[in-house]
Amino acid sequence: MGIRKTTLQDVDTVLDVFAAAKRYMCANGNASQWGDEYPDRSIVTYDIACGSSYVMLENGEIVGTFALFLGEDESYRVIEDGAWHLDQPYGTIHRLASNGKARGVSKACFDFCTAQIGYLRADTHADNRPMQRLLEAYGFRRCGVIHGAFDGGERIAYDCIAHI
């Protein structure tokens, strides 16, 4: 699976990937994580402008997307009911989504991200059981609870030390 930086020409396709992911989440007991308005065009263009947005391609078609931010994430400063496993520079994975047309999207994302930085953090909604399973299967460990930067909602926090 190929991975490249997202371009402005990709925005509509990325929004379609998010729409497919939202349908999947709703059908699997997680209707409240992203809701109707998030992530939107402004978030995608912000991620592109930051150089943090990526798309995943299978046979030339965009099948997934994610954002990788290097450096401190404000919403991770306070963690409740636990602690991070390390106190060192990290990357954060946000907005990982698939349109459901290819297998291995999350693993490709995690492999790519661990190749960029050896310590990763991520979070997900308590109702997002599929993402929790994917994170844990890859080697991410539960650390506690954080509150999301966009909505203040409670999220399960994870971290991962690269195993490359």
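About the cut-offs
- Residues numbered from 1 in each chain as written.
- Predicted model: local features only at pLDDT ≥ 70, side-chain atom pairs only at ≥ 80, totals over all residues.
- Heavy atoms only, no water.
- Helix = DSSP H or I, 4+ residues; strand = E, 2+ residues; numbered from the N terminus.
- Rg over C-alpha atoms; globule rule 2.2 N^0.38 Å.
- Buried < 20%, exposed > 50% of the residue type's maximum accessible area, 1.4 Å probe, protein only.
- Contact = heavy atoms within 4.5 Å.
- Areas by Shrake-Rupley, 256 points an atom, 1.4 Å probe, with all protein chains shown as cover.
- Axes fitted to C-alpha atoms, helices over the stretch in contact; angles between N-to-C directions.
- Parallel < 35°, antiparallel > 145°, perpendicular 65-115°, else oblique.
- Left-handed = near helix turned anticlockwise from the far one by under 90°.
- Core = buried A, V, L, I, M, F, W, Y, C linked by side-chain atoms within 4.5 Å.

(A) Examining the overall build of the chain more closely. Per the secondary structure count, the chain includes four helices and seven strands. Going from N to C terminus, the chain has its helices and strands arranged as β-α-α-β-β-β-α-β-α-β-β. The C-alpha radius of gyration computed for the chain amounts to 15 Å, which stays within 12% of the reference 15 Å derived for 164 residues, consistent with globular compactness. Across the 164 residues of the chain, 50% fall into the buried class. Put simply, 67% of the contacts in the chain that link residues at least 6 apart link residues at least 24 apart. Counting every atom, the chain has about 8400 Å² of accessible surface; 50% of that belongs to carbon and sulfur.

(B) Main features of the packing of helix 1 (residues 11-27) against helix 2 (residues 41-49). Put simply, helix 1 and helix 2 touch, their axes get as near as 10 Å, and they point 120° apart. With respect to their mutual orientation, helix 1 and helix 2 come out oblique. Regarding helix 1 and helix 2, the two cross each other, and that crossing is right-handed. On the side of helix 1, the interface is formed by V11, D12, V14, L15 and F18, while helix 2 contributes R41, V44, T45 and I48.

(C) Main features of the nonpolar core. Core analysis: the biggest nonpolar cluster contains 23 residues, and F66, I93, L96, C109, F110 and F140 have the highest contact counts within it. When contributions to this core are tallied by element, the ones reaching two or more residues are strand 2 (53-58), strand 3 (61-70), strand 4 (91-98), helix 3 (105-116), strand 5 (119-124), helix 4 (129-138) and strand 7 (154-161). Each residue touching F110, except ones within four places of it in the same chain, is listed here: I93, L96, L120, L134, L135, Y138 and F140. Counting 16 residues, the second largest nonpolar core, distinct from the first, contains V11, V17, I43 and V55.

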